[in-house]
Amino acid sequence: MRVLGQIVRHLLLALGGVYMLAPIILMLASAFTPTADILAGRYLAHPTLVNFQTVAQQVPLGTYYLNSLIVCLATFVLQLLVCVPAAFAMARLCYRGRNITVWLLGLLILIPFQVLAIPIYLIFRQVGLINTLPALILPFVGSAFAIFLLRQFFLALPGSMFDAATLDGAGTLATLIQIVIPASRPALLSLGVFTITSAWNAYFWPSFVLSDSSSATIPFGVVQFINSDAVTAYGPQMAMATLSVLPLLIAFLFAQRQFIRGLALAGQAG
């Protein structure tokens with residue numbers, strides 16, 4: 001029975017893997033197939049790079065990549081500056097109302113960003129940030145999810161580490177910088193994966209605050225390309241989609257081990 005259970009489990013995992021990978025495989029196959037062959041269902045019958053050449057000629061990929069990179073890195077760095085101290089305070093410092101702040105943090109996680117989009121848009125319009133890169137960065141700096149993730153990881157750190165730091169005379173800031181942050185590399189990397197993936201793939205908020213391609217990111221550019229005159233150019237569209245996700249796939253391949261480790265360690269503190 002145990003062997004049968006393992007076989008069934010592996011079959012289900014294999015089916016799940018096929019289900020998850022099928023759209024990606026179809027996208028890659030379509031990216032190298034002329035549109036006429038795609039419409040006829042003959043994928044990779046005549047492999048070609050024409051779709052990528054079309055995208056390179058019609059789309060300012062360099063601008064989109066640069067804007068996306070700036071937004072992702074700036075959001076992550078600012079989140080570290082804001083969320084790491086907040087998470088450390090909520091996890092390890094004793095202050096009046098700490099339990100209330102934890103509950104409020106949970107409530108903030110439950111509020112969809114769409115609820116806050118219009119008020120934030122009105123504020124940004126008043127200060128002249130519409131159609132700028134800061135408009136894509138600032139709303140996500142104080143992330144409740146990031147604070148919660150880091151707090152859970154900080155709770156999982158051994159208390160003896162903090163006791164030793166106290167005995168050595170280390171203050172709160174020194175403990176955070178010299179002990180907590182170096183020991184939290186898996187959690188910080190996991191947060192980086194979440195933050196960068198979310199910022200790279202975001203379209204809802206850019207569609208609110210962007211009006212042209214000067215500050216456009218990759219998803220905004222993909223939608224603009226699809227909504228152009230080449231509506232039925234499925235080959236170039238799939239090539240554009242491939243180019244949009246390629247950096248994330250490469251980055252995840254390099255960071256997957258630390259990412260999984262960070263999630264496992266953060267979950268131990270629940």
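Residues numbered from 1 in each chain as written. Predicted model: local features only at pLDDT ≥ 70, side-chain atom pairs only at ≥ 80, totals over all residues. Heavy atoms only, no water.

Trainee: I tried to follow the environment of Tyr121 on my own but got confused; where do I start?
Mentor: For Tyr121, the location among the structural elements is in helix 6 (residues 113-127). Note on Tyr121: relative accessible area 23%, which makes it partly exposed. The spatial distance from the C-alpha of Tyr121 to the C-alpha of Trp205 is 9.2 Å, given a sequence separation of 84 residues. In contact with Tyr121, not counting residues within four places along its chain, are Ile130, Trp205, Phe208 and Val209. (Helix = DSSP H or I, 4+ residues; strand = E, 2+ residues; numbered from the N terminus. Buried < 20%, exposed > 50% of the residue type's maximum accessible area, 1.4 Å probe, protein only. Contact = heavy atoms within 4.5 Å.)

Trainee: Looking at this model, I keep getting lost on the packing of helix 5 (residues 98-110) against helix 8 (residues 144-156). Mind explaining?
Mentor: Relative placement of two packed helices is described by the angle separating their axes and the distance separating the axes. Look at helix 5 against helix 8: their axes get within 8 Å of each other, and the N-to-C directions meet at 130 degrees. In this view, helix 5 runs oblique relative to helix 8, as classed from their interaxial angle. Considering how the two elements wind past one another, helix 5 and helix 8 form a crossing that is left-handed. When helix 5 is examined against helix 8, the residues Val102, Leu105, Leu108 and Ile109 are found in contact with a partner set consisting of Ala144, Phe145, Ile147, Phe148 and Arg151. (Axes fitted to C-alpha atoms, helices over the stretch in contact; angles between N-to-C directions. Parallel < 35°, antiparallel > 145°, perpendicular 65-115°, else oblique. Left-handed = near helix turned anticlockwise from the far one by under 90°.)

Trainee: I keep staring at the UniProt feature "transmembrane region" (unreviewed entry) in the chain and nothing clicks. Help me out?
Mentor: According to UniProt, the positions carrying the feature "transmembrane region" (unreviewed entry) are residues 12-32, 64-88, 100-124, 130-150, 187-205 and 238-255. Structurally, residues 130-150 is divided into 57% helix and 0% strand, and its ends, taken at the C-alpha atoms, are 31 Å apart. (UniProt positions renumbered as here; feature names shortened; annotations may be inferred.)

Trainee: How should the packing of aromatic side chains be read in this particular structure?
Mentor: Aromatic ring pairs: the centre-centre distance and the angle between the two ring planes describe each pair. In the structure shown here, the tally under the stated rule is 11 aromatic pairs. Pairing Tyr65 with Trp200 gives two aromatic rings, centres 6.1 Å apart and planes at 35 degrees, and the pair type is tilted. Placement of Tyr65 in helix 4 (residues 61-92) and of Trp200 in helix 11 (residues 185-201) is noted, with a sequence separation of 135 residues between them. Residue Trp200 is classed as buried on the basis of its relative accessible area of 6%. One aromatic cluster is present, formed by Phe113, Tyr121, Phe124, Phe140, Phe204, Trp205 and Phe208 through successive ring pairs. (Phe/Tyr/Trp six-rings, centres within 6.5 Å; stacked < 30°, edge-to-face > 60°.)

Trainee: Help me out: how do you make sense of helix 1 (residues 2-31) in this one?
Mentor: Residues three or four positions apart in an α-helix share a direction because the helix packs 3.6 residues into each turn. In a regular helix each residue adds 1.5 Å, so 30 residues correspond to 44 Å; helix 1 covers 43 Å between its end C-alpha atoms and thus fits that length. At Leu21, helix 1 is bent by approximately 40 degrees, the largest bend along its length, and proline Pro23 sits one to four residues beyond. Along helix 1, the residues classified as buried are Met27, Ala29, Ser30 and Ala31. (Expected span 1.5 Å × (residues − 1). Bend = angle between axes of the 7 residues up to and from the residue.)

Trainee: Is there a simple way to explain the domain arrangement of the chain in this structure?
Mentor: Considered domain by domain, the chain is made up of domain 1 (1-60 + 233-269) and domain 2 (62-212). Summarising the inter-unit geometry, the C-alpha centres of domain 1 and domain 2 are found 29 Å apart. (Domains from an automatic or database assignment.)

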